[in-house]
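# Residue-level structural notes
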Amino acid sequence: MNTSSSANQPTANVPKGILFLLLATLIFGVQDAVAKILVTEYSPLQIVMIRYWAFFVMAVWLVMRNSSLKRAFVSRAVGWQIARGVLLVVDIWLFAEALRTVPLGDIGAINMIYPLLVTVFAIPLLGERVGVFRMTAVLAGFLGAMLIIRPGFITVETGVIFAVLSATCYALYLVLTRKVSQIDSTTTSLFYVGAVGLVLTSAVGVFFWQPIVGMDVWLMVVLCFTTCSGHGLIMLSLRYAPASVLQPFNYFSLPWAITLGFVVFGTMIDGFALAGAGVIVVAGLVVMWRERRLALGRALMRGPAIAAPGQSSTSPDPQTGTGHPAAPPKG
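Rules and cut-offs
- Residues numbered from 1 in each chain as written.
- Predicted model: local features only at pLDDT ≥ 70, side-chain atom pairs only at ≥ 80, totals over all residues.
- Heavy atoms only, no water.
- Salt bridge = Lys/Arg side-chain N within 4 Å of Asp/Glu carboxyl O.
- Helix = DSSP H or I, 4+ residues; strand = E, 2+ residues; numbered from the N terminus.
- Buried < 20%, exposed > 50% of the residue type's maximum accessible area, 1.4 Å probe, protein only.
- Patch = residues over 30% accessible without salt bridge, like charges linked within 9 Å, V, L, I, M, F, W, Y side chains within 5 Å.
- Areas by Shrake-Rupley, 256 points an atom, 1.4 Å probe, with all protein chains shown as cover.
- Axes fitted to C-alpha atoms, helices over the stretch in contact; angles between N-to-C directions.
- Parallel < 35°, antiparallel > 145°, perpendicular 65-115°, else oblique.
- Left-handed = near helix turned anticlockwise from the far one by under 90°.
- Contact = heavy atoms within 4.5 Å.
- Nonpolar A, V, L, I, M, F, W, Y, C, P; charged D, E, K, R; others polar.
- Polar contact = N/O pair within 3.5 Å; in protein donor to acceptor, adjacent residues only side chain to side chain.

Let's shift gears to the pattern of salt bridges. Evaluated as defined, the whole model comprises two salt bridges. Across the salt bridge formed by R100 and E97, the nearest N and O atoms sit 3.2 Å from each other. Across the salt bridge formed by E128 and R178, the nearest N and O atoms sit 2.4 Å from each other. Residue E128 is located in the loop between α7 (114–126) and α8 (132–149), and its partner R178 is located in helix α9 (residues 158–181); the two are separated by 50 residues in the primary sequence. A relative accessible area of 7% places R178 in the buried class.

Structure follows, in structure tokens:
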């Protein structure tokens with residue numbers, strides 16, 4: 001028996017994992033509120049670039065703790081890894097642009113469609129089969145999104161379109177994360193996200209640089225701190241609880257967004273948007289419940305020894321074999 005390896009394994013503690021995830025959703029909510037303040041004075045491209053500087057430092061530190069940069073750079077799916085990095089950057093760019101004009105609560109409600117989009121994109125990209133039950137739930141979720149956007153009844157702002165496109169890019173990013181998780185190591189995936197993001201955001205962001213003055217310096221510091229601490233808490237949560245258990249609690253990002261939007265900016269989500277968000281959340285939870293049942297059924301048929309290939313309780317990546325990777329709330 002290898003006592004040293006077992007000693008390094010964290011003890012399962014689901015309540016602690018859930019607590020870490022809830023704290024992460026709150027921190028990401030604060031991050032979004034700070035970003036919304038900053039985009040009124042600075043280009044979103046500059047803000048995202050600075051966030052990626054902080055994220056890349058964290059990614060390199062995590063990679064060097066578990067491996068080496070040379071090994072992390074070696075990938076058997078370079079194209080997919082670069083695509084992941086680009087999609088995440090575009091997602092955050094679009095999200096930052098949406099923050100200019102759309103209230104936090106409305107953006108939070110729109111973002112709830114990303115788990116449903118993951119289910120849809122997994123069909124062509126991962127070859128998954130989705131039955132009538134899950135597809136009905138997905139369609140119900142999209143009807144909820146229409147309640148929020150209400151095309152034809154209100155003027156759809158450009159910011160709302162940016163928010164929808166942001167959720168779409170994030171869903172594609174999660175699907176590709178699942179795809180590369182079967183090919184490359186966790187450290188490789190983490191390194192490529194940080195490296196591609198650093199290069200792309202810096203190559204664009206430097207042309208939009210303007211001096212950061214006064215209290216805005218501290219807001220930028222808070223933005224970088226929340227970026228790193230939020231992702232760190234996500235990783236800690238996955239050490240103590242399975243991703244499939246944690247995933248539903250990501251929906252707590254919505255009440256945080258609504259609360260912070262009201263407290264910080266004095267904006268309140270309207271009744272139609274709240275009802276639409278409720279439909280989306282219920283549809284997403286139904287899809288997750290169904291996929292978890294199907295996953296458990298497949299695991300029982302294969303046997304416990306191969307029930308969860310490639311999963312590790314110490315993996316810092318928010319990726320699982322479920323239809324909805326336990327990813328951090330967007331921001």
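This paragraph deals with a nonpolar patch on the surface. Taken together, I37, F262, V263, V264 and M268 make up a surface patch of nonpolar side chains, about 490 Å² in accessible area. Examining the composition of the nonpolar patch, we find that three residues originate from one element, helix α13 (residues 253–265), more than from any other. Within the secondary structure, M268 is located in the loop between α13 and α14 (271–302).

Here helix α6 (residues 104–111) crosses α13 at 165°, and the two axes come no closer than 7 Å. Taken together, α6 and α13 sit at an angle that is classed as roughly antiparallel. With respect to the hand of their crossing, α6 and α13 are arranged in right-handed fashion. Here L104, G105, G108 and A109 of α6 lie close against α13, whose contacting residues are L254, A257, I258, L260, G261 and F265. Its residues assigned to classes, the contact of α6 with α13 shows seven nonpolar, three polar and no charged.

Note that S202 resides in helix α10 (residues 186–205). Among the residues examined, S202 registers a relative accessible area of 18% and is labelled buried. There is a polar contact of 2.8 Å between the side chain of S202 and the backbone oxygen of L198. Residues in contact with S202, not counting those within four places in the same chain, are M49, W53 and G197.

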